[in-house]
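Spelled out from the first residue to the last, the chains are:
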Amino acid sequence: MLYMLDQGFDAVVNSRYVVGGGEDRSGEWGATQMFLSLTLNWFTRFFLDASFADYTSGFVAVRRAVLQEIPCTGLWRIFCGFYFSGLRKKYRVCELPYQPCSQQRGVKTGTNLLQFLRRGRKYVVRLCGYV
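Residues numbered from 1 in each chain as written. Predicted model: local features only at pLDDT ≥ 70, side-chain atom pairs only at ≥ 80, totals over all residues. Heavy atoms only, no water.

## Side note on the overall build of the chain
So, point 1. The helix and strand tally for the chain stands at five helices and three strands.
So, point 2. Start at the N end of the chain and walk to the C end: the helices and strands fall as α-β-α-β-α-α-β-α.
So, point 3. For the chain, with 131 residues in total, the buried portion stands at 40%.
So, point 4. At a minimum sequence separation of 6, the contacts of the chain that also span at least 24 residues come to 69%.
So, point 5. A total of about 7,900 Å² of accessible surface is found on the chain, and carbon and sulfur atoms cover 56% of it. (Helix = DSSP H or I, 4+ residues; strand = E, 2+ residues; numbered from the N terminus. Buried < 20%, exposed > 50% of the residue type's maximum accessible area, 1.4 Å probe, protein only. Contact = heavy atoms within 4.5 Å. Areas by Shrake-Rupley, 256 points an atom, 1.4 Å probe, with all protein chains shown as cover.)

## Some remarks on the packing of aromatic side chains
So, point 1. Under the criterion given, the structure shown has two aromatic pairs.
So, point 2. With 5.2 Å between their ring centres and 15 degrees between their planes, Trp 42 and Phe 46 make a pair best called stacked. Of this pair, Trp 42 and Phe 46 are both found in helix α2 (residues 30–47), four residues apart, which corresponds to roughly one turn of the helix.
So, point 3. Trp 42 sits in the exposed class, given a relative accessible area of 54%.
So, point 4. Above the plane of the ring of Phe 9 lies Arg 92, whose end atom (NZ or CZ) is 4.1 Å from the centre. (Phe/Tyr/Trp six-rings, centres within 6.5 Å; stacked < 30°, edge-to-face > 60°. Lys NZ or Arg CZ within 6 Å of the ring centre and 35° of its normal.)

## What to know about the environment of Thr 56
So, point 1. Mapped onto the fold, Thr 56 is located in the loop between α2 and β2 (60–62).
So, point 2. Residue Thr 56 is classed as buried on the basis of its relative accessible area, which comes to 17%.

## Looking at the pairing of strand β1 (residues 11–15)
So, point 1. In terms of burial, β1 is a largely internal element, five of the five residues being buried.
So, point 2. Neither face of β1 is exposed, since Ala 11, Val 13 and Ser 15 on one face and Val 12 and Asn 14 on the opposite face are all buried.
So, point 3. Here three bridges tie β1 to β2, and the two strands are oriented antiparallel to one another. Along β2, the bridge assignment pairs Ala 11 with Val 62.
So, point 4. Bridge count for β1 against strand β3 (residues 93–97) is five bridges, and the pairing is parallel. Bridged to Asn 14 within β3 is Leu 96. (Pairing = 2+ DSSP bridges.)

## Observations concerning the pattern of salt bridges
Should the charged atoms of two oppositely charged side chains come close, the side chains can pair.
So, point 1. One pass over the full model with this rule turns up three salt bridges.
So, point 2. In this structure, Asp 10 engages Arg 63 in a salt bridge whose closest nitrogen and oxygen atoms are separated by 3.6 Å. With Asp 10 in the loop between α1 (2–6) and β1 and Arg 63 in the loop between β2 and α3 (64–69), the pair connects residues that are 53 residues apart, well separated along the chain.
So, point 3. Here Asp 10 falls in the buried class, since its relative accessible area comes to 15%.
So, point 4. The shortest N-O distance in the salt bridge between Lys 90 and Glu 69 comes to 2.8 Å. Here Lys 90, found in helix α4 (residues 79–90), pairs with Glu 69, found in helix α3; they are 21 residues apart in sequence, far enough to count as distant.
So, point 5. Judged by relative accessible area, which is 58%, Lys 90 ranks as exposed. (Salt bridge = Lys/Arg side-chain N within 4 Å of Asp/Glu carboxyl O.)

This is the structure:
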């Protein structure tokens, strides 16, 4: 990621949904989590910009100067907020393929449909602000 910043990109996002990327979800809710993640990304791509692949990536490197121009809010838990707040209009963004390991800490959008709907509603509300 740092190499791509050195090559002139303003932001670099590790993406599960570009060629060479992927994910292996295992465990009781693994298939559900993958389905919900793919659904949220498809929904976002359909309404915003289909050229970007992984709006829910949590692995992003951004130049300090960009962060000084585009404010990050508490809802910056998905990339679409930051991307559509101005990053796509003026800056060069690169997606790199990656295959994440299982998340050990933190809160996922949801491990089942009810959790997804509870936590995901703020993403959808924010998304609707960009449509």
